[in-house]
Amino acid sequence: MNILEDITHRRSFLHADMGAMNGMQSSSTLRKEVERSLDQYFAHLGEAPVTNLYDLVLNEVERPLLEAVLKHTGSNQSKASIMLGLNRGTLRKKLKQHGML
């Protein structure tokens with residue numbers, strides 16, 4: 001595959017993913033799963049007060065995201081940082097925060 005074919009392939013893959021994320025090509029999207037999980041969370045809470053929900057959700061999502069990307073890149077932090085759109089130092093900081101380093 002030459003570089004032009006690779007770019008075309010990546011663009012078509014990206015557009016397919018974006019369509020799926022908008023619900024056009026998939027009945028189950030990340031957004032829908034998050035909404036479903038939060039609905040369940042609130043249902044189980046009842047009237048209990050909620051604090052720090054933003055941090056709770058980010059911590060629940062960030063670690064598995066980092067794990068999946070590192071697995072996909074063969075634990076190559078430089079590739080993972082590019083894939084995530086993070087500075088490599090920021091990625092390392094997040095890995096340390098989650099006890100992954």
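About the cut-offs
Residues numbered from 1 in each chain as written. Predicted model: local features only at pLDDT ≥ 70, side-chain atom pairs only at ≥ 80, totals over all residues. Heavy atoms only, no water. pLDDT = per-residue confidence, 0-100. Helix = DSSP H or I, 4+ residues; strand = E, 2+ residues; numbered from the N terminus. Expected span 1.5 Å × (residues − 1). Core = buried A, V, L, I, M, F, W, Y, C linked by side-chain atoms within 4.5 Å. Buried < 20%, exposed > 50% of the residue type's maximum accessible area, 1.4 Å probe, protein only. Contact = heavy atoms within 4.5 Å. Polar contact = N/O pair within 3.5 Å; in protein donor to acceptor, adjacent residues only side chain to side chain. Salt bridge = Lys/Arg side-chain N within 4 Å of Asp/Glu carboxyl O.

### Here we look at the confidence of the model for the protein chain
Reasoning step 1: Overall, the prediction assigns the protein chain a mean pLDDT of 83, with 73% of residues at 70 or greater.
Reasoning step 2: The lowest-confidence element of the protein chain is helix α1 (residues 3–21), averaging 53 in pLDDT; the highest-confidence one is helix α4 (residues 77–84), averaging 98.

### With respect to helix α2 (residues 30–45)
Reasoning step 1: For α2, with 16 residues, the first-to-last C-alpha span of 22 Å sits near the 22 Å given by 1.5 Å per residue.
Reasoning step 2: Immediately beyond the C-terminal end of α2, within one or two residues, lies Gly46, with a positive phi of roughly 65°.

### As for the nonpolar core
Reasoning step 1: Counting residues in hydrophobic clusters, the biggest one holds 6 residues: Leu66, Val69, Leu70, Ala80, Leu91 and Leu95.
Reasoning step 2: At the level of secondary structure, the elements contributing two or more residues to this core comprise α3 (53–72) and α5 (88–97).
Reasoning step 3: Setting aside its immediate chain neighbours within four residues, Leu91 contacts Leu66, Gln77, Ala80, Ser81, Leu84 and Leu86.

### Regarding the side chain of Ser81
Reasoning step 1: The residue Ser81 is located in helix α4 in this model.
Reasoning step 2: Among the residues examined, Ser81 registers a relative accessible area of 5% and is labelled buried.
Reasoning step 3: Looking at Ser81, its side chain comes within polar contact range of the main-chain oxygen of Ser78, at 2.8 Å.
Reasoning step 4: Those residues in contact with Ser81 that lie beyond four places of it in its chain are Leu86, Asn87, Arg88 and Leu91.

### Quick look at unusual backbone geometry
Reasoning step 1: At Asn52, a residue that is not glycine, the phi angle is positive and equals roughly 60°.
Reasoning step 2: Counting through the fold element by element, Asn52 comes out in the loop between α2 and α3.
Reasoning step 3: Since its relative accessible area comes to 57%, Asn52 is described here as exposed.
Reasoning step 4: Despite not being glycine, Ser75 has its phi angle at roughly 65°, a positive value.
Reasoning step 5: Its location among the elements puts Ser75 in the loop between α3 and α4.
Reasoning step 6: On the basis of relative accessibility, which here comes to 55%, the residue Ser75 falls in the exposed class.

### Re α5
Reasoning step 1: For α5, the N-terminal cap is Asn87; the gap from its side-chain oxygen to the backbone nitrogen of Gly89 is 2.6 Å.
Reasoning step 2: Count one or two residues on from α5 and you reach Gly99, which has phi positive near 65°.

### Quick notes on the pattern of salt bridges
Reasoning step 1: The final tally for this structure, using the stated rule, is 3 salt bridges.
Reasoning step 2: Among the ionic pairs, Arg36 bridges to Glu33, the shortest N-O distance being 2.8 Å. With a gap of 3 residues between them, Arg36 and Glu33 both fall in helix α2, about one helical turn apart.
Reasoning step 3: The partly exposed category is assigned to Arg36, whose relative accessible area is 41%.
Reasoning step 4: Overall, the relative accessible area of 30% leaves Glu33 in the partly exposed class.
Reasoning step 5: Where Lys94 meets Glu62, a salt bridge forms, and the shortest distance between an N and an O atom there is 2.8 Å. Of this pair, Lys94 sits in helix α5 while Glu62 sits in helix α3, and the two are 32 residues apart along the sequence.
Reasoning step 6: On the basis of relative accessibility, which here comes to 18%, the residue Glu62 falls in the buried class.

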